[in-house]
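# Coordinate analysis (summary)
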Amino acid sequence: MAVDPLIELRDVNKHFGQLHVLRDINLVVGRGEVVVVIGPSGSGKSTLCRAMNRLETVESGRITIDGQPLPEEGKALAKLRADVGMVFQSFNLFAHKTVLANVSLGPVKVRGLKKGDAERRSRELLDRVGLADQASKFPAQLSGGQQQRVAIARALAMDPKVMLFDEPTSALDPEMINEVLEVMQQLAAEGMTMVVVTHEMGFARSAANRVVFMADGRIIEDRSPDDFFTDPETDRAKDFLSKILKH
Ligand SMILES: Nc1ncnc2c1ncn2[C@@H]1O[C@H](COP(=O)(O)OP(=O)(O)O)[C@@H](O)[C@H]1O
Ligand SMILES: [Mg+2]
C-alpha cells in the first residue's frame, strides 16, 4: 500500500505517576489502513488509543492526524474528537435519549447540521448497522450487540477520518460478537481507516493490514497478520499467542 499517513505518532511517551505506560511509541497508520493492536492487559493499548484523540495527553513526542498536531482545547478539540471516532468496550450511549437522538446529536451540535438532515442521515446509518427498526427505542431496551452497533453508527454520523475501537466486543455475550464484527468488517471493506484493539484473531486475520503487538508500553512487533500469527518474532508475542489461541 502506498503510504499516505493519516495518523502519525513519533517518539511518544507517557507516564501515570511512576508507571511508564507509553515508551517511545512510533506508529504510522495510512489512509484506508486497518491496524489491529493486541497485547497483554496493562500493556498500554487503551492509553495509546486515547492519546490519539486526546482523551489522554502525552508528555513528549508528536501526534498528528492528517498532518495536523492534536489541538489542545476548544472547538478544535471538539472537531478532532469528531474526526477521530471512538468506540469503547462499554458502549457509552446516552441512557435517556433514543437511539435516533444518540446518533443525530453530535452532527447537530458539532458539525452544525440541521436536525432534519442529521436525522435522515442517522436513519441511513442505523440501517447500515442493521438497526433501522430500533430508532425510537432507548439504549436499555437493546441487547449489548445492538447498543454497540448504535455506538458505531453514532461515531460514523460525524463523518470521521478514522475510527478507533477499544475492545468493542469484550463486554458482549458470545452470540453478539459476530454482529458487531460484521459491521466492522464491512467498514474496513469500504476503506475506513481503523485502529482496533481486539483479541478477536479471526477479525485480525481477515480485516487487518497490520498487527501491532504491545507489551509494557512498547510496540514490539508491527507486521502483517500472516507473518505475525504464523511466525511471531519475539518470545513475548509467542507466549501471548499461545495463551489466547488456546481458548
Ligand atoms: N488513569 C490512569 N491512572 C493511573 N494508571 C493508569 C490509568 N489508566 C491506565 N493506567 C495504567 O496504565 C497501564 C496501561 O493501561 P491501559 O492503557 O489501560 O492498558 P491496556 O488497555 O493494554 O490493558 C496499566 O498499568 C494501567 O493500570
Ligand atoms: Mg484496555
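Above this note sits the structure.
Rules and cut-offs
Residues numbered from 1 in each chain as written. Chains lettered and ligands numbered in written order. Predicted model: local features only at pLDDT ≥ 70, side-chain atom pairs only at ≥ 80, totals over all residues. Heavy atoms only, no water. Near = heavy atom within 4 Å. Polar contact = N/O pair within 3.5 Å; in protein donor to acceptor, adjacent residues only side chain to side chain. Areas by Shrake-Rupley, 256 points an atom, 1.4 Å probe, with all protein chains shown as cover. Helix = DSSP H or I, 4+ residues; strand = E, 2+ residues; numbered from the N terminus. Core = buried A, V, L, I, M, F, W, Y, C linked by side-chain atoms within 4.5 Å. Buried < 20%, exposed > 50% of the residue type's maximum accessible area, 1.4 Å probe, protein only. Contact = heavy atoms within 4.5 Å. Expected span 1.5 Å × (residues − 1). Arc of directions from axis to C-beta.

It is worth spelling out the site of ligand 1 at this point. Taken together, Phe-16, Leu-19, Val-21, Pro-40, Ser-41, Gly-42, Ser-43, Gly-44, Lys-45, Ser-46 and Thr-47 make up the full set of residues adjacent to ligand 1. Contact between ligand 1 and Gly-44: an oxygen atom at 3.0 Å from a main-chain N or O atom of the residue. Contact between ligand 1 and Lys-45: an oxygen atom at 2.7 Å from a side-chain N or O atom of the residue. Relative to its free-state accessible area of 560 Å², ligand 1 is covered by the protein chains to the extent of 59%. Elements supplying a minimum of two residues to the shell around ligand 1: strand S2 (19–30) and helix H1 (45–52).

The biggest cluster of nonpolar side chains holds 50 residues, and the ones touching the most others in it are Ile-152, Met-163, Phe-165, Met-184 and Met-194. For this core, the element with the highest residue contribution is helix H6 (residues 174–189), accounting for eight residues. In this structure, Leu-6, Ile-7, Leu-48 and Val-197 belong to the second largest nonpolar core, which totals 27 residues.

With respect to the element layout, Thr-193 can be found in strand S8 (residues 193–197). Among the residues examined, Thr-193 registers a relative accessible area of 2% and is labelled buried. Those residues in contact with Thr-193, other than ones at most four positions away along the chain, are Leu-6, Val-29, Gly-30, Arg-31, Gly-32, Glu-33, Lys-161, Val-162 and Met-163.

Counted at 1.5 Å a residue, the expected span for helix H4 (residues 115–128) with its 14 residues is 20 Å, and the 20 Å between its end C-alpha atoms agrees. Of all the residues in H4, the buried ones are Ala-118, Ser-122, Leu-125 and Leu-126. Seen from one end, H4 has its buried residues packed into an arc of 100°, which puts them on one side. With respect to the buried face of H4, the exposed residues turned more than 90 degrees away are Arg-120 and Asp-127. Those residues of H4 that are buried lie in contact with helix H3 (99–109) and helix H5 (144–156). Looking at the residues trailing H4, positive phi occurs at Gly-130, about 80°.

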